[in-house]
Amino acid sequence: KPYKSKHMKKLKTFSVMILALVMASCEANDKQPSAAVKTAFEKKFASAADVEWEMETDTEWEAEFELDGNDYSANFSTEGVWMETEHEIEEAEVPAAVKNALDSAFAGYMIEAIEMTESPTGTAYEFVLEKGVLDMEVVISPVGEILKTETIKEGDMDDDGE
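Not measured: the values here are computed from a predicted model.

Engineer: Quick one: what's the story with the side chain of Thr 85, residue by residue and with numbers?
Structural biologist: Along the polypeptide, Thr 85 turns up in strand 4 (residues 82-88). There is a polar contact of 2.7 Å between the side chain of Thr 85 and the side chain of Trp 82. Look past the residues within four positions of Thr 85 in its chain and what remains in contact with it is Lys 44, Phe 45, Tyr 72, Ser 73, Ala 74, Met 116, Thr 117 and Glu 118.

Engineer: Quick one: what's the story with the environment of Val 37, residue by residue and with numbers?
Structural biologist: Secondary-structure assignment places Val 37 in helix 2 (residues 35-44). Put simply, Val 37 and Glu 79 are 42 residues apart on the chain and 6.3 Å apart in space, counted from C-alpha to C-alpha. Not counting residues within four places of it along the chain, the set of residues in contact with Val 37 comprises Trp 53, Trp 61, Phe 76, Ser 77, Thr 78 and Gly 80.

Engineer: Mind laying out the pattern of salt bridges, listing which residues take part and the relevant values?
Structural biologist: For the structure shown, the criterion picks out four salt bridges. One salt bridge in this structure joins Lys 99 and Glu 91, with 2.8 Å as the shortest N-O distance. Judged by its relative accessible area of 39%, Glu 91 is partly exposed. Residues Lys 148 and Glu 137 are paired through a salt bridge, measuring 2.8 Å at the closest nitrogen-oxygen approach. Remark: Glu 137 occurs in strand 7 (residues 134-140) and Lys 148 occurs in strand 8 (residues 146-151); sequence separation between them is eleven residues.

Engineer: So, helix 3 (residues 96-105): which residues are in play, and what are the values?
Structural biologist: Considered for burial, the residues of helix 3 that qualify are Val 98, Ala 101 and Leu 102. One face of helix 3 carries all of its buried residues, which in axial projection span an arc of 100 degrees. Facing away from the buried side of helix 3, by more than 90 degrees, are the exposed residues Ala 96, Asn 100 and Ser 104. Those residues of helix 3 that are buried are in contact with strand 5 (110-119), strand 6 (122-131), strand 7 and strand 8.

Engineer: Outline a negative patch on the surface, supporting the account with residue identities and numerical values.
Structural biologist: Among the surface-exposed residues, Asp 50, Glu 52, Glu 54, Glu 56, Glu 64, Glu 66, Asp 71, Glu 88, Glu 90 and Glu 93 lie close enough to one another that they form a single negatively charged patch. Put simply, the parts of the chain that give the negative patch at least two residues each are strand 1 (49-57) and strand 2 (60-67). If you tally residues by element for the negative patch, the top one is strand 1, at four residues. With respect to the helices, strands and loops of the structure, Glu 66 is situated in strand 2. Under the relative-accessibility criterion, Glu 66 is labelled partly exposed at 36%.

Reading the values: rules and limits
- Residues numbered from 1 in each chain as written.
- Predicted model: local features only at pLDDT ≥ 70, side-chain atom pairs only at ≥ 80, totals over all residues.
- Heavy atoms only, no water.
- Helix = DSSP H or I, 4+ residues; strand = E, 2+ residues; numbered from the N terminus.
- Polar contact = N/O pair within 3.5 Å; in protein donor to acceptor, adjacent residues only side chain to side chain.
- Contact = heavy atoms within 4.5 Å.
- Salt bridge = Lys/Arg side-chain N within 4 Å of Asp/Glu carboxyl O.
- Buried < 20%, exposed > 50% of the residue type's maximum accessible area, 1.4 Å probe, protein only.
- Arc of directions from axis to C-beta.
- Patch = residues over 30% accessible without salt bridge, like charges linked within 9 Å, V, L, I, M, F, W, Y side chains within 5 Å.
- Areas by Shrake-Rupley, 256 points an atom, 1.4 Å probe, with all protein chains shown as cover.
- Lys, Arg positive; Asp, Glu negative; His and termini not counted.
- Charge placed at Lys NZ, Arg CZ, Asp CG, Glu CD.

In structure tokens form, the structure reads like this:
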């Protein structure tokens, strides 16, 4: 009988630990941004629909939402300061200066994804490009200035090519 009792105590302790971990995990996933973040978002994107929040970093929230029939993401600091908005666009929507810079500097690359990015510093166009096994992220200003090029390591992109 003492043998059974000792194992039952361990089993109960283990079960309580598992339950606590599951509850903590659910709490972390259900964490919502502060009122300041939500207010700033609602002020900037009053007609947004299907908003889903995720903690991007310790100091930044990301909202994914629909606006005018398009999928958007917007980032806000934990204090509610807007940092950036992104949404996918079609190649036909890319300004000629941007397309010319891209074609000139990255001939032979295939475009996997295009996003227009808006931030307090201005607008830019982000491209995910592929050439053979090489994937790159390229950011170009509206006037055709290449602002950033970065090789994307395998595993850094999600299923949407981002």
